[in-house]
Amino acid sequence: MNRKTLNTVLTHAILIITLIGVAFPMYYAFVMATHTHQDAYAFPPILRPGNQLWNNMKTAWDRVNMGTLLKNSAIIAVVVSVGKIAFSIMAAFAFTHFKFRGSWFLFPLCMVTQMMPLPVRVIPLYRMMASWNWLNTYRALTIPYFASTTGIILFRQFYLTVPQELADAARVDGATPMQYLWNILLPLSWTNVAALLVIEFVYMWNEYLWPNIATTDSGMRVAQIGLRMLYTSERGAAEWNIIMAGLLIIMLPPLLLLIVFRRQFAQGIAMQTTK
Amino acid sequence: MNRFPNHRILPYALVMPSIAVIAIFLIIPFGQAVYLSFHRVSPFGALRNVGWRNYVEMFASAEYLFSFRNTMIFSALVIGVGLTIALCIALLTTQKIRGAAFYQIAFIWTYAMSPIIAGVMWSLIFDPAIGIMARLIGSATGYSINYFTDPVAAFLLVTAASVWIMLGYNICFFVAGLQNVPHELKEAAWIDGATTWQTFWVVTFPMLSPTTAFLVFVNTVYAFFQSFGMIDVVTQGGPNRSTEFLIYKIYRDGFGRMQEGQAAAQSVFLFVLIAIVGAVQIYTSTKKSVYDR
């Protein structure tokens, strides 16, 4: 075996071992979810899947009222994703296609969003929501999230690469800017829309601090809080099979979305790294 | 830039929604946090101006400094260990090998995991009764680790789970960054007799600095803020406050102990910290690299 082949084999070996290592926590969680409580505690540990997955999922589902939790998470994740995509497309379009007074100030202002994550302003925001009677509403869980630095950067980078002639031609043909945005620019933007959808849906589905503070009503709780309830209900001899069955259900929606749009997501990331 | 010169009002209408959200839900609450940080809140909600006292007491508090120190160690580990592993994997997957595209995609999925999910998965691995990690370490060293009582074990648990959760995103960014490094530069280095190792440090790594700076920022944001869910669910800041990171302390002081003024001062300081990291990132990504002319 010459040196080059050895290198290739070694590269594959390292990558495959790392991949297995990274996948192990997920696999172990899955195996746990397929066993009875007794088998979950067997020694030596059983690393092959059992046949209790469905039963465990049903138990977890009933225990924390999973239907409501998933519905709430789905609503806020979809609404925030759509809101952020729409707002960032509009802002990015303005910053790339128009010269207007104050844009030198407004663009950096949009960039500060990432410097002020919600936790930094959580106490005043809570007071604000309480005084508006927004606690325990979808409004409190969605509207404060609508501005997106990532989204504006993503669409701006793309719109800067669209040839000037396209807009000129549209203008000569008598199209208004909004018609140009809607009929020409938007159809070209689907990759970015999909990438941002993944980023924001995953972000919102996994959000915990704010929903935990802004909701107390059990009908308004979200999936992440449900996982906490499953996990902390019995700390002594934790029912790992039930916890992990619930975890799999809660994990699935963002994971599926990422798998479906993995290429668009990767392309979106590539676009953020180019200047 | 100006492709539609006859529209004066439209651009303002287009940026208005984003600006309104930023003004109402970001700038104003942040301003209030600054204001609140100079006050104490009585149990009945009345504000009393105390000047810089919240800040002075914060930096004099052993509890706060301990939390600050642990947050820094945690962030350094998440960034240092996480980015090193991610860069190594990204370098391997951008070699000329079969299935490179498959490997580049195969690590992505940890991005979809929430900090709570990662924390729960890893707490099973560290579980003192049945966890694989606890058993392995136990049989190798005879030392039984228990993250309920052992500060080091709890700290390792949240660090491992955090490195793991950020891996998919970090690899994805490094792969994209590596693909932007012009091949001619590497070839030029090879022709000049540089080894692969030298080529990496002299060409690839400097060219990658905007990507690295961006990832340092994103991972700092994770370590400072997003790790909250994992801490709240898995360790509740314990044992012995070893995982009570700054954000968790803000939450405890602000909502648990009702010390809103003190918690606001902590928020403002946390903002200053993240703003410094953000400013360094912006500086790194906009300054011309050694190879730009």
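Counting restarts for each chain, with residues numbered from 1 along the sequence as it is written. Written order determines the labels here, with chains lettered from A and ligands numbered from 1. Owing to the predicted nature of the model, reporting of local features is limited to residues with pLDDT of at least 70; listing and counting of side-chain atom pairs is limited to 80 or more, with chain, interface and lining totals taken over all residues.

## Focus: the overall build of chain A
Within chain A one finds 15 helices and zero strands. Taken over the C-alpha trace, chain A has a radius of gyration of 24 Å; the compact-globule value for 275 residues is 19 Å, which it surpasses by more than 25%. Dimensions of chain A, computed from C-alpha atoms along their principal axes, come out at roughly 75 × 70 × 30 Å. Here a residue counts as buried when 20 or more other C-beta atoms fall within 10 Å of its C-beta, as exposed when 12 or fewer do, and as partly exposed in between; the C-beta atoms come from the backbone. Taking all 275 residues of chain A together, the buried fraction comes to 45%. Restricting the contact set of chain A to residue pairs at least 6 apart, pairs at least 24 apart contribute 79%. Only DSSP runs of H or I with at least four residues qualify as helices, and only runs of E with at least two residues qualify as strands; both kinds are numbered from the N terminus onward. Our radius of gyration is a C-alpha quantity, and the globule rule it is checked against amounts to 2.2 Å times the number of residues to the power 0.38. Placing C-beta atoms from the backbone, we regard two residues as in contact once those atoms come within 7 Å.

## So, the overall build of chain B
The secondary structure content of chain B amounts to 13 helices and two strands. Once the C-alpha set of chain B is aligned to its principal axes, its extents read approximately 75 × 75 × 30 Å. The buried share among the 293 residues of chain B stands at 45%. Counted over contacts in chain B with a minimum sequence separation of 6, partners at least 24 positions apart contribute 70%.

## A few points about the packing of helix α8 (residues 149-161) of chain A against helix α15 (residues 262-273) of chain A
For any two helices packed against each other, one specifies the inter-axial angle together with the distance between the axes. Residue and element names in this part refer to chain A. It is the contact of α8 with α15, at a shortest axis distance of 9 Å, that shows an interaxial angle of 75°. Between α8 and α15, the crossing angle belongs to the class labelled roughly perpendicular. Packed against α8, whose contacting residues are Ile153, Leu154, Gln157 and Phe158, the element α15 presents Gly268, Met271 and Gln272 at the interface. The classification used treats Ala, Val, Leu, Ile, Met, Phe, Trp, Tyr, Cys and Pro as nonpolar, Asp, Glu, Lys and Arg as charged, and all other residues, Gly among them, as polar. Per-class residue counts for the contact of α8 with α15 are four nonpolar, three polar and no charged. To get an axis, a line is fitted to the C-alpha atoms, and for a helix only the part in contact is used. The angle between two axes follows their N-to-C directions and goes from 0 to 180 degrees. Our angle categories are set so that under 35 degrees counts as roughly parallel, over 145 as roughly antiparallel, 65 to 115 as roughly perpendicular, and the remainder as oblique.

## Digging into helix α10 (residues 209-226) of chain B
Multiplying one less than the number of residues by 1.5 Å gives the expected span of a helix. An ideal rise of 1.5 Å per residue puts 26 Å on 18 residues; α10(B) measures up with 24 Å between its terminal C-alpha atoms. Among all positions in α10(B), only B:Thr211, B:Thr212, B:Leu215, B:Phe217, B:Asn219, B:Thr220, B:Ala223, B:Phe224, B:Phe225 and B:Gln226 are buried.

## Examining the confidence of the model for chain B
When pLDDT is low, close inspection of the predicted coordinates is not appropriate. Residue and element names in this part refer to chain B. Here chain B averages 89 in pLDDT, while 97% of its residues score no lower than 70. Per-residue confidence from the prediction method is given by pLDDT, with values spanning 0 to 100. Helix α3 (residues 62-93) holds the highest mean pLDDT among the elements of chain B, 96, whereas helix α6 (residues 132-141) holds the lowest, 83. Scored by ipTM, the complex comes to 0.92, with pTM at 0.92.

## Comments concerning the interface of chain B and chain A
How large an interface is tends to be reported as the accessible area lost when its parts come together. Each partner contributes residues to the interface: chain B has 73 residues there, and chain A has 72 residues. With 17 residues, the top contributor of residues to the side of chain B that touches chain A is helix α1 (residues 10-36) of chain B. In terms of residue class, the side of chain B that touches chain A is made up of 56 nonpolar, 15 polar and two charged.

## What about the nonpolar core?
We call a set of buried Ala, Val, Leu, Ile, Met, Phe, Trp, Tyr and Cys residues a nonpolar core when their C-beta atoms link them within 7 Å. Membership of the largest hydrophobic core comes to 166 residues, with the highest contact counts inside it found for A:Ala91, A:Val198, A:Leu247, A:Leu258, B:Ile117 and B:Val120. Excluding anything up to four places from it in sequence, A:Leu258 contacts A:Val198, A:Val202, A:Phe265, B:Ile108, B:Trp109, B:Tyr111 and B:Ala112.

## Regarding the environment of A:Leu166
Residue and element names in this part refer to chain A. Tracing the chain through its elements places leucine 166 in helix α9 (residues 164-172). Among the residues examined, leucine 166 registers 14 C-beta atoms within 10 Å and is labelled partly exposed. Sequence spacing of leucine 166 and lysine 84 is 82 residues, and the spatial spacing of their C-alpha atoms is 26 Å.

## Focus: α1(B)
Between its first and last C-alpha atoms α1(B) spans 37 Å; for 27 residues at 1.5 Å apiece the expected length is 39 Å, and the two agree. Given a residue, its bend is the angle between the two axes fitted to the seven residues that end at it and to the seven that start from it. Of all the bends in α1(B), the greatest, near 45°, is centred on B:Met16, and the proline B:Pro17 appears no more than four residues after it. Those residues of α1(B) that sit buried are B:Pro11, B:Leu14, B:Val15, B:Ser18, B:Val21, B:Ile22, B:Phe25, B:Leu26, B:Pro29, B:Phe30, B:Ala33 and B:Leu36. The secondary structure elements touched by the buried residues of α1(B) are α4 (66-97), α5 (103-111) and α6 (122-131) of chain A together with β1 (39-41) and α13 (260-286) of chain B.

## Structural notes on the environment of A:Val112
Residue and element names in this part refer to chain A. With respect to the helices, strands and loops of the structure, valine 112 is situated in the loop between α5 and α6. A residue is classified by how many C-beta atoms lie within 10 Å of it, and valine 112, with 16 of them, is partly exposed. Spatially, the C-alpha atoms of valine 112 and threonine 176 are 31 Å apart, while their sequence positions differ by 64 residues.

## Quick notes on unusual backbone geometry
Located in the positive-phi region is A:Asn133, a residue other than glycine, with phi close to 60°. Within the secondary structure layout, A:Asn133 lies in the loop between α6 and α7 (138-142). Overall, A:Asn133 belongs to the exposed group, with 10 C-beta atoms counted inside 10 Å. Notably, B:Met258 is not glycine yet its phi reads approximately 55°, a positive angle. Mapped onto the elements of the fold, B:Met258 is located in the loop between α12 (246-256) and α13. Judged by C-beta crowding, with 12 C-beta atoms within 10 Å, B:Met258 ranks as exposed.

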